[in-house]
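So you can see what is in the structure, the chains are spelled out below.
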Amino acid sequence: MGWVKECERRMRHFLKARGYRSARSVRNMVEAMWITSEQQLALQGNTAARMVVALPVDANIQDAEFRCFSQWGEDGILQFLVAKTGVRERTFVEFGVEDYQQSNTRFLMQNDGWSGLVIDGSPRNVERIRASPLFPRHTLNPVAAWISRENINDLIRGGGLEGPIGLLSVDIDGNDYWVWEAIDVVAPVIVVCEYNNLFGAHRAVTVPYDAGRVWDGSHAYWGASLRALCLLAESKGYAFVGSNKAGLNAFFVRKDHLGGLRVGDPVADFRPSTYREGRDPRNPSRFLDRRERLEAIADLELVDVERGERGKVRDLLTAEFG
């Protein structure tokens, strides 16, 4: 973290040299720099959005990717899907947003005037959202709450949303499958849900439900497979329209808004993730391959939602590697 301290030292020197000595003046300076940066990003994103909207309706959604405030290319994909599905309800629910600096709905809010509810389990993160220049400029309701399948509908209803909405974004690194399954208070046109690429293309598996589950920083044992989410989507009246290039987020569209959008296949369209996680504890400069990462969690439990069975991660290893 030496480079961070060096950046802080240089910033202090920069501000002092220009007369920004008081806390208020420094705060004003930082906010002005933040606003300028935001304006530049928004302008670039707006230009990219115009290009994305011009793509044919049956294009692969990965061709629409661009990143403004999302983690990967979700901003572009959502611009494409919103345009092609004719979403009228410009409202969203997103949970697992941390401090909302990086999220799937922020560009929709800032560029297109959407409003909505964001939920995070950390009160500190929610305080940061409320303290940011974003909060007074947009209709955003940040809520601090620990999400479970037992309380999610009450949280959404309590946040002022019910019935048709434009978008639901699910990313809680754990009970994602079970929480989405429980949601019935809103009917989003588009759903984005993170999936665990490590679980592969062929099995419809998820970690077992645990209301007290806390993500421990593991990059292996969390969430559900893409196939599991596709089966859940089908049962709720949604079609899978693809995932991002990083192999991280899956996108679903309610079938009554599908139109000419290309429908994906969780096996044929599956691609290994492009990002690397899971370092070798004996050699931190080396990343573990997929087999090694599965072996590290081989004795942990999985639920096969297609077969209605419980098994172990070891079953995935056996099926794929023998």
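Residues numbered from 1 in each chain as written. Predicted model: local features only at pLDDT ≥ 70, side-chain atom pairs only at ≥ 80, totals over all residues. Heavy atoms only, no water.

**Thoughts on the overall build of the chain**
What counts is decided by this rule: In DSSP terms, a helix is any run of H or I states spanning at least four residues, a strand is any run of E spanning at least two, and both are numbered starting from the N terminus. Here the term buried applies to any residue with accessible area under 20% of the maximum for its type, exposed to any over 50%, and partly exposed to those in between, with areas from a 1.4 Å probe on protein chains only. Contact definition: two residues touch when any of their heavy atoms are within 4.5 Å. Here the Shrake-Rupley method, with its probe set to 1.4 Å, supplies the accessible areas, and only the displayed protein chains count as covering residues.
Of the regular secondary structure elements, the chain holds 11 helices and 12 strands. When the 322 residues of the chain are sorted by exposure, 46% land in the buried category. Considering only contacts within the chain whose residues lie at least 6 apart along the sequence, 66% involve residues at least 24 apart. Taken as a whole, the chain presents about 15,900 Å² of accessible surface, with 50% of it coming from carbon and sulfur.

**Things to note about the packing of aromatic side chains**
Defined as follows: Here the aromatic set is Phe, Tyr and Trp, taking the six-membered ring for Trp, and pairing holds for ring centres within 6.5 Å; pairs whose planes are under 30 degrees apart are stacked, those over 60 apart are edge-to-face, and all others are tilted. Only when the NZ atom of a Lys or the CZ atom of an Arg is both within 6 Å of the ring centre and within 35 degrees of the ring normal do we say a charge sits over the ring.
Under the criterion given, the structure shown has 6 aromatic pairs. Measuring from ring centre to ring centre gives 5.3 Å for W180 and F252, while their planes differ by 45°; the resulting arrangement is tilted. Remark: F252 occurs in strand 8 (residues 249-254) and W180 occurs in helix 8 (residues 176-182); sequence separation between them is 72 residues. This pair shows no difference in class: W180 is buried, exactly as F252 is. Counting every residue linked through ring pairs, the aromatic cluster contains W180, Y238, F240 and F252. It is R149 that lies over the ring of Y209; its NZ or CZ is 3.9 Å from the centre.

**Concerning the sheet that holds strand 6 (residues 205-206)**
Filter applied, for reference: Each pair of strands is called paired provided DSSP finds at least two bridges between the two strands. With axes taken as lines fitted to C-alpha atoms, and helix axes fitted only over the stretch in contact, angles between N-to-C directions fall between 0 and 180 degrees.
Taken in spatial order, the 3 strands make up an open sheet running 6-11-12, and their pairing is antiparallel. Only two strands of the sheet have a single neighbouring strand rather than two, namely strand 6 and strand 12 (309-312). In this sheet, strand 12 lies alongside strand 11 (residues 301-304) in antiparallel orientation, the contact comprising 4 bridges. Within strand 12, the position partnered with E301 by the bridge is K312. Against the sheet, helix 11 (residues 313-321) makes contact with strand 11 and strand 12, and its axis sits at roughly 75° relative to strand 12, the strand it touches most.

**Things to note about the sheet that holds strand 7 (residues 238-243)**
Sheet architecture is open: 7 strands sit in the order 3-2-1-4-5-8-7, paired in mixed fashion. On the outer flanks of this sheet lie strand 3 (140-144) and strand 7, each paired with one strand and no other. On average, adjacent strands in this sheet sit at an angle of 20° to one another, irrespective of strand direction. The pairing of strand 1 (residues 91-95) with strand 4 (residues 163-170) spans 4 bridges and is parallel. Across the sheet, residue F95 finds its bridge partner in strand 4, namely V170. Strands strand 4, strand 5 (186-194), strand 7 and strand 8 of the sheet are contacted by helix 3 (residues 74-85), whose axis makes an angle of about 10° with strand 8.

**Thoughts on the pairing of strand 7**
Counting buried residues in strand 7 gives 6 out of 6 residues, a clear majority hidden from the surface. In terms of strand pairing, strand 7 meets strand 8 through 5 bridges, oriented antiparallel. Within strand 8, the residue paired with G242 across the bridge is F251.

**Concerning the pattern of salt bridges**
Using the following cut-off: Any carboxyl oxygen of Asp or Glu within 4 Å of a side-chain nitrogen of Lys or Arg constitutes a salt bridge here.
The full count for this structure, using the stated rule, is 16 salt bridges. A salt bridge links E234 to K255, with the nearest nitrogen and oxygen atoms 2.6 Å apart. Of this pair, E234 sits in helix 9 (residues 226-235) while K255 sits in the loop between strand 8 and strand 9 (279-280), and the two are 21 residues apart along the sequence. Accessibility expressed as a relative area gives 47% for E234, which makes it partly exposed.

**Quick word on helix 3**
Applicable threshold: Helix span, expected: 1.5 Å multiplied by one less than the number of residues in the helix.
For helix 3, which comprises 12 residues, the first-to-last C-alpha distance of 16 Å matches the rise-based estimate of 16 Å (1.5 Å per residue) to within 8%. In terms of burial, helix 3 is a largely internal element, 10 of the 12 residues being buried. Along helix 3, the residues classified as buried are E74, D75, G76, I77, L78, Q79, F80, L81, V82 and T85. In the stretch just after helix 3, G86 is the one whose phi turns positive, near 65°.

**Some words on helix 5 (residues 123-131)**
Put simply, the rule reads: The arc refers to the directions leading from the helix axis to the C-beta atoms.
The set of residues buried in helix 5 consists of N125, V126 and I129. Projection of helix 5 onto a plane perpendicular to its axis shows the buried side chains occupying an angular sector of 95°, all on one side. Along helix 5, exposed side chains directed more than 90 degrees from the buried face belong to P123, R124, E127 and A131. Residues of helix 5 that are buried in the fold lie against strand 2 (115-120), helix 6 (134-137) and strand 3.

**Section: the pairing of strand 8**
Here strand 8 lies mainly inside the structure; 6 of its 6 residues are buried. Neither face of strand 8 is open: one carries N249, F251 and V253, the other A250, F252 and R254, and all of them are buried. In this antiparallel pair of consecutive strands, strand 7 and strand 8, the connection spans 5 residues, and G247 shows a positive phi of 70°.

**Remarks on unusual backbone geometry**
Despite not being glycine, Y100 shows a phi value in the positive range, around 70°. With respect to the element layout, Y100 can be found in the loop between strand 1 and helix 4 (106-112). Look at D173: it is not a glycine, yet its phi comes out positive at around 55°.

Read these as geometric descriptors, not functional statements.
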